[in-house]
Amino acid sequence: MPGLLRGIARTAVVAGTASAVSGRVRHRQDGRWARQEAQDQMAQQPQQPAYAPPPQQVYVAAPPAAAAPAAPDMSAKIDQLKQLADLKSQGILTDAEFEAQKARILGQ
């Protein structure tokens, strides 16, 4: 009978050891799979910088209440004065008409 009990005891020890080892292996695999899943989820999420400055405030000026008509630029005024001078030199405009139109162009 001692041989039979020894065989049963040995089988129990081997079975218990196998059960403990498989439990540890299973626990380790679960941990690996959980870490892998977490890494996969992090890779799928858009990356955000560690520090993001607060958004800048933008101030927009109010439009002017009544905008005056834009004055022609200086080169346009010079061209108009040259045309007036040509008309005066051709005798089409009198001195008074030339001076009146020049004052109008220059805004005087």
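Residues numbered from 1 in each chain as written. Predicted model: local features only at pLDDT ≥ 70, side-chain atom pairs only at ≥ 80, totals over all residues. Heavy atoms only, no water.

## What to know about the packing of helix α2 (residues 74-89) against helix α3 (residues 95-106)
Part 1 of the reasoning: It is the contact of α2 with α3, at a shortest axis distance of 10 Å, that shows an interaxial angle of 175°. Classified by the interaxial angle, the pair formed by α2 and α3 is roughly antiparallel. Here α2 contributes Lys77, Gln80, Leu81, Leu84, Ala85 and Lys88 to the contact with α3, which in turn contributes Asp95, Phe98, Gln101, Lys102, Ile105 and Leu106. (Axes fitted to C-alpha atoms, helices over the stretch in contact; angles between N-to-C directions. Helix = DSSP H or I, 4+ residues; strand = E, 2+ residues; numbered from the N terminus. Parallel < 35°, antiparallel > 145°, perpendicular 65-115°, else oblique. Contact = heavy atoms within 4.5 Å.)

## Regarding α3
Given 3.6 residues to a turn, an α-helix orients residues that are three or four positions apart in the same direction.
Part 1 of the reasoning: A rise of 1.5 Å per residue sets the reference length of α3, with its 12 residues, at 16 Å; its end C-alpha atoms lie 16 Å apart and thus fit the reference within 8%.
Part 2 of the reasoning: Positive backbone phi, at 75°, marks Gly107, one or two positions downstream of α3. (Expected span 1.5 Å × (residues − 1).)

## Considerations on a positive patch on the surface
Part 1 of the reasoning: Among the surface-exposed residues, Arg24, Arg28, Arg32 and Arg35 lie close enough to one another that they form a single positively charged patch.
Part 2 of the reasoning: With respect to the helices, strands and loops of the structure, Arg32 is situated in helix α1 (residues 2-44).
Part 3 of the reasoning: According to the relative accessible area criterion, Arg32 is partly exposed, its value standing at 49%. (Patch = residues over 30% accessible without salt bridge, like charges linked within 9 Å, V, L, I, M, F, W, Y side chains within 5 Å. Areas by Shrake-Rupley, 256 points an atom, 1.4 Å probe, with all protein chains shown as cover. Salt bridge = Lys/Arg side-chain N within 4 Å of Asp/Glu carboxyl O. Lys, Arg positive; Asp, Glu negative; His and termini not counted. Charge placed at Lys NZ, Arg CZ, Asp CG, Glu CD. Buried < 20%, exposed > 50% of the residue type's maximum accessible area, 1.4 Å probe, protein only.)

## Brief notes about a nonpolar patch on the surface
Part 1 of the reasoning: Taken together, the side chains of Leu4, Leu5 and Ile8 make up a nonpolar region of the molecular surface, amounting to roughly 320 Å² of accessible area.
Part 2 of the reasoning: Checked against the element boundaries, Ile8 lands in helix α1.

## Concerning the confidence of the model for the protein chain
Part 1 of the reasoning: Mean pLDDT over the protein chain works out to 79, with 82% of the residues at or above the 70 mark.
Part 2 of the reasoning: By mean pLDDT, α1 is the weakest element of the protein chain at 83, and α3 is the strongest at 88. (pLDDT = per-residue confidence, 0-100.)

## Let's talk about α2
Part 1 of the reasoning: With 16 residues, α2 should reach 22 Å at 1.5 Å per residue; the first-to-last C-alpha distance of 22 Å fits that figure.
Part 2 of the reasoning: Looking one or two residues past α2, Gly91 carries a phi angle of roughly 85°, positive in sign.

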